[in-house]
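# Descriptive analysis of the structure
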Amino acid sequence: MSHSRDLSRGISPASTGMLGTVHGHQGLQLEEPLLFEIDNPGAIGVDLPEPGDFILRLGGLERNGEIGLPCVSEPEVVRHYTRLSQKNYAIDMGTYPLGSCTMKHNPRLNEKMVRLPGFANAHPLQPEATVQGAFELIDGVAYWLKQLTGMPAIAMSPGAGAHGELCGVMAIRAALDDREGGPTKRRRILVPDSAHGTNPATAAVCGFSVDTIPSDARGRVDVKAFAEKLDDDVAGIMITNPNTCGLFEPDMIEIAELIHNAGGYFYCDGANFNAIVGRVRPGDLGIDCMHINLHKTFSTPHGGGGPGAGPVVLSDALAPFAPVPWVVHGEKGFSLVEHPDAAGEAKPFGRLKGFHGQMGMFVRAYAYMLSHGRDGLRQVANDAVLNANYVMSCLSNVMTPSFEGPCMHECLFDDRFLKDTGVSTLDFAKAMLDEGYHPMTMYFPLVVHGAMLIEPTETESKRGLDEFVAVMRALVDRAKAGDSSAFAAAPTMTPRRRLDETTAAREPILRWSPEVLAAETAK
Amino acid sequence: MRYLPLTDADRSSMLDRIGVSSVDDLFVDVPAVGQFDGAFDLPDHMAEFDVERLMSAMANRNITTADVPSFLGAGAYRHHVPASVDYLIQRGEFLTSYTPYQPEISQGTLQALFEFQSMVALITGMDVANASMYDGATSCAEAVLMARRVTRRNRAVVSGSVHPHYSAVTETQAKYVDIDIDIREPDLDGTEDLTDLIDDQTACVVVQNPGIFGHVRDLSSLASHCQENGALLIVVVTEVVSLGALQSPGAMGADVVVAEGQSIGNPQGFGGPYVGLFAARQKYVRQMPGRLCGETTDVDGKRGWVLTLSTREQHIRREKATSNICTNAGLCALAFTIHLALLGENGFRDMAMLNHARASKLADLLEAVDGVEVLPQAFFNEFAVRLSKPAGDVVNALAAKGVLAGVPASRLYGVGTDLDNILMIAASELTSADDMDALVDALSEELS
Ligand SMILES: Cc1ncc(COP(=O)(O)O)c(C=O)c1O
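Below is a short write-up of the structure. (Residues numbered from 1 in each chain as written. Chains lettered and ligands numbered in written order. Predicted model: local features only at pLDDT ≥ 70, side-chain atom pairs only at ≥ 80, totals over all residues. Heavy atoms only, no water.)

What follows covers the overall build of chain B. Across its full length, chain B carries 14 helices and 13 strands. Over its C-alpha atoms chain B spans a radius of gyration of 25 Å, differing by no more than 12% from the 22 Å that the globule rule assigns to 448 residues. Principal-axis analysis of the C-alpha atoms places the extent of chain B at approximately 80 × 55 × 50 Å. For chain B, the residues scored as buried account for 68% of the 448 residues in total. Accessible surface, chain B: about 13,900 Å² in total, of which carbon and sulfur atoms supply 46%. Treating the 32 positive side-chain charges of chain B as one cloud and the 59 negative ones as another, the clouds have centres 6 Å apart. (Helix = DSSP H or I, 4+ residues; strand = E, 2+ residues; numbered from the N terminus. Rg over C-alpha atoms; globule rule 2.2 N^0.38 Å. Buried < 20%, exposed > 50% of the residue type's maximum accessible area, 1.4 Å probe, protein only. Areas by Shrake-Rupley, 256 points an atom, 1.4 Å probe, with all protein chains shown as cover. Lys, Arg positive; Asp, Glu negative; His and termini not counted. Charge placed at Lys NZ, Arg CZ, Asp CG, Glu CD.)

Our next topic: the overall build of chain A. Within chain A, the regular secondary structure consists of 15 helices and 13 strands. Whereas a compact globule of 523 residues would reach a radius of gyration of roughly 24 Å, chain A reaches 26 Å, a difference of no more than 12%. Overall, chain A is about 75 × 75 × 45 Å in size when its C-alpha atoms are taken along their principal axes. The buried share among the 523 residues of chain A stands at 65%. Once local pairs closer than 6 in sequence are excluded, the contacts in chain A between residues at least 24 apart make up 69%. (Contact = heavy atoms within 4.5 Å.)

Each strand in a sheet pairs with its neighbour through backbone hydrogen bonds, running either in the same direction (parallel) or in the opposite one (antiparallel). All names here are of chain A. In space, the 7 strands of this open sheet follow the order β1-β7-β6-β5-β4-β2-β3, with mixed pairing throughout. On the outer flanks of this sheet lie β1 (153-155) and β3 (209-213), each paired with one strand and no other. On average, each strand axis in the sheet is inclined to that of its neighbour by 25°, with strand direction left out of account. With 5 bridges connecting them, strand β4 (residues 234-240) and strand β5 (residues 265-269) associate as parallel partners. Each bridged residue has a counterpart across the sheet, and for M238 the counterpart in β5 is Y267. Packing against the sheet, helix α6 (residues 161-180) makes contact with β1, β2 (188-192), β4, β5, β6 (289-291) and β7 (312-314), and its axis sits at approximately 175° to β5. Helix α9 (residues 252-261) contacts β4 and β5 of the sheet and is inclined by roughly 140° relative to β5. (Pairing = 2+ DSSP bridges. Axes fitted to C-alpha atoms, helices over the stretch in contact; angles between N-to-C directions.)

Before going further, it helps to examine the side chain of S315 of chain A. Along the chain, S315 of chain A turns up in the loop between β7 and β8 (326-330). Its relative accessible area of 9% is what places S315 of chain A among the buried residues.

Our next topic: the pattern of salt bridges. Here the structure, examined in full by the defined rule, presents 48 salt bridges over all chains. Between D233 of chain A and R188 of chain A there is a salt bridge, and its shortest N-O distance comes to 2.7 Å. Here R188 of chain A lies in strand β2 and D233 of chain A lies in the loop between α8 (223-229) and β4, a separation of 45 residues in the sequence. For R188 of chain A, a relative accessible area of 14% corresponds to the buried category. Through salt bridges with shared partners, a single network forms among E111, R115 and R364 of chain A together with D86 of chain B. (Salt bridge = Lys/Arg side-chain N within 4 Å of Asp/Glu carboxyl O.)

A separate point is the nonpolar core. In this structure, L137, F226, F298 and F428 of chain A are the most contacted members of the largest nonpolar core, which totals 130 residues. No other element matches helix α10 (residues 359-395) of chain A, which puts 21 residues into this core. For F226 of chain A, the residues in contact, after removing those within four places along its chain, are L190, I213, V221, I237, I255, L258 and I259 of chain A. Grouped together as the second largest cluster of nonpolar side chains are 78 residues, L88, A223, A245 and F380 of chain B included. (Core = buried A, V, L, I, M, F, W, Y, C linked by side-chain atoms within 4.5 Å.)

Below, the discussion takes up the sheet that holds strand β11 (residues 411-414) of chain A. Residue and element names in this part refer to chain A. Spatial ordering of the open sheet is given by β10-β11-β13-β12, a layout of 4 strands whose pairing is antiparallel. Every other strand in the sheet has two partners, leaving β10 (400-401) and β12 (441-442) as the edge strands with one partner each. Pairing of β11 with strand β13 (residues 452-454) involves 3 bridges; the strand directions are antiparallel. Among the inter-strand pairings, L412 is bridged to a residue of β13, identified as L453. Against the sheet, α10 contacts β10, β11 and β13, and its axis sits at roughly 30° relative to β11.

Residues and elements named next belong to chain A. Most of helix α11 (residues 425-434) is tucked away: 8 of the 10 residues are buried. For α11, the set of buried residues is T425, D427, F428, A429, K430, A431, M432 and L433. Trailing α11 by a residue or two, G436 shows a phi angle of about 90°, which is positive.

Okay, the environment of D418 of chain B next. Along the chain, D418 of chain B turns up in the loop between α13 (409-413) and β13 (422-426). Separated by 390 residues in sequence, D418 of chain B and V28 of chain B place their C-alpha atoms 62 Å apart.

Let us now look at the environment of I259 of chain A. The residue I259 of chain A is located in helix α9 in this model. I259 of chain A sits 11 residues away from G270 of chain A along the chain, and the two C-alpha atoms are 18 Å apart.

Listed as interface residues are 195 residues of chain B and, on the opposing side, 215 residues of chain A. At the boundary of chain B with chain A, total buried surface from both sides reaches about 17,900 Å², with 62% on carbon and sulfur atoms. By the criterion of area lost to chain A, the three top residues of chain B are Y176, F270 and R411 of chain B, representing 6% of everything that side buries. Applying the counting criterion to the chain B and chain A interface returns 14 salt bridges. We note a salt bridge from D364 of chain B to R57 of chain A, for which the minimum N-O separation is 2.2 Å. Taken together, chain B and chain A are joined by 99 residue pairs in polar contact (both at pLDDT 80 or more). Here the side of chain B that touches chain A gets 28 residues from one element, more than from any other, and that element is helix α11 (residues 330-367) of chain B. Looking at the side of chain B that touches chain A residue by residue, the classes come out as 98 nonpolar, 58 polar and 39 charged. (Buried area = accessible area lost by both parts, 1.4 Å probe. Polar contact = N/O pair within 3.5 Å; in protein donor to acceptor, adjacent residues only side chain to side chain. Nonpolar A, V, L, I, M, F, W, Y, C, P; charged D, E, K, R; others polar.)

Set out below in structure tokens:
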């Protein structure tokens, strides 16, 4: 491992028989050093006026010595990040069938709306009278989400899905404490083995122990096993619906009854709401709370890892415990409840985030909701489910679906079809990269072996799906034809080939530093 | 519908292929009570221009910091974001990609994250930084949880210099995991001394610099006191531009620095999304929350980047993870990185000094106004003033005159405390001489 500036290392023209690798560029695939390596002291990318005369009032604590930031002009910065962008795959480029992530088209209208000066330049602590439009928007998004889920209340502030989980689980904890008049004895949360990692992690950061419920042979919660675990120390259950196998949990009503009779609450992970939006109101199924990833169902962009937004709808039982702040509508228009002592009858469990939530994501989601309308959203669910079932039906005779029957918005395969081929799920996924696709989600959920979870979303065309299916079938043919070494070597056409993750973790280099660079150059 | 590529002809041929007659047949697992066939009280789909019209009208019902002179801060700041930042983060390859779990086709996001982590470490004076948290306040809460893991102690002291949203979020996240948290009274005059509260049971001390009322303080003696007692010093920075002018928290002896990165690259946006910075000393890296990007090589020996040390994270470790965070603030971190790249060493420092100069000038002017007392001696770009009247009323009155005068302390602490007359006033590189005059005139009139 090194910080060498020699970016052509490893590409030897002689070995490839190619010309043109002086700097490692290959046609339009351009190598790009670290920003720190194009540092040109004296260059600058921003012009600022002189400050003029002023009294220095930093208390003698002004910075001395260099920070170590690089100096780069605007054209070089633009080129640097443009080149970097070209090393990424993205929805704008092609199918992104990453199960559980709902990588749908991100309309640019959303981006235009969030940049309206009236939203972008509003400070969160302006006098309420000056930001009525902003409150109206938050209230509007809240109303849509309550309508679509059939739930009476909502907490808007959580920053993403996992944060929404935290909000819901804390509300459960607060409701139990309130009911028992002190710290609850109920300290166990039931979580299916197919759950996303954030579910057990959330329960734990909220002080609960996690008890795993097995899935049954149909990829659903084993209701009998669940019922047997119910006791007076159970705080609640966290169920993802549609679940991470891409299946609807048919026993929701029974599960709700059982958990409620046992004195616990029902958390629903709504990450997969896209499959049912406009067709099913989770509130009709007896849940107490559910987070909604606006960055999945409501098309706000993933941005290479975030930001997101994770509003949580709440039942009447949990609503009083929702965290501050929230918007209220009174005679003088909208206002904000920001302090627990101004909460009246409500008993907020606290505050989860600075200010009022992910406003920019609310604006984007609202543009998306209005564009689709209630009719369009129902069509979203229909098409998302149709696309997933279409892919499943086109692949089920060559790959091995894990469960029988129709799926929801994503279809799950396992690696039985790769048995004796010498090709693993990982190899298969890496071969997809060379074919121009982002792979499906791999090795998740954990309940099937070598999982491949394909979520096309409703924004893929039939033509796009047919091309994807053709690629998948061709790869299966190659795997079955005994070409495992090609799979093991894949990818070969990507900006980087397989990376050494073991060394990265064993000897972590997590930042650029002048010392390491100097040491390397000296060698 | 413009976002849905399937035509009715596509749909029926696909249903044929699947072998069902209607899409309803695919929803057979939904119990009858769950099949919603009523009508939502919501509108039907709209043309793009109708959405635009409706939402623009809503946006226009706000009077914002760009419309009138504005002096709001308290954790969110108005700065100029260069046009190229917003252009670059809207490139589809950045905007519409997922978390870089497939490193071979995500080197762009990964390298930018590595640059982000490097920059955050440099400006905070820390060894390492993660790939971002939701915001400064959640970053602060995570730091306290980390201090508990590191020290195996469960007492946290939160200074009265800390933004009330940050202490509230920290308190909320601490309360169900048995952390005993001591939130100190608001430190209005910047003289708080925490040393007596620190002992061998203290997991961490959280202080903010500059403090919520603007005071800039030397933290080095507090740092050594923490160190002697084996407690972690967590320094909160809500205005990250200050790091261009002030000694870094690392240089003063911090163990962990958590910050709100909004000021660099990101609009005020009515409160979010922002970007939480989380930086720490190297020895804590395996206890840190959130994603980390690390350098490595590929099979051809070429340098590249991957997400690393994932065994800390929820997708691997589940209930034993260091945090439940998954989605973070990637795109806001990218905006931060690009803006700081444009600024560079000199631009960052100059921008910081310009902010300070504007605030210092404004303080001079305000000191001359009857009924206004500037409180901190040393500050960066924001300072508290004591008014002769309740600040909340003054702010409302000035808003009606077209001046956004700042954040009344009552907005953060509630009405009816002895902070009712305190107003927090911020300036930035965007504060013009005319803006300052407008504030001075309006305040003089209101307080006379
Ligand atoms: C089923 C499920 N639950 C929860 C989450 C967590 O959501 P977020 O990443 O927004 O925190 C995810 C996201 O990947 C998910 O797929």
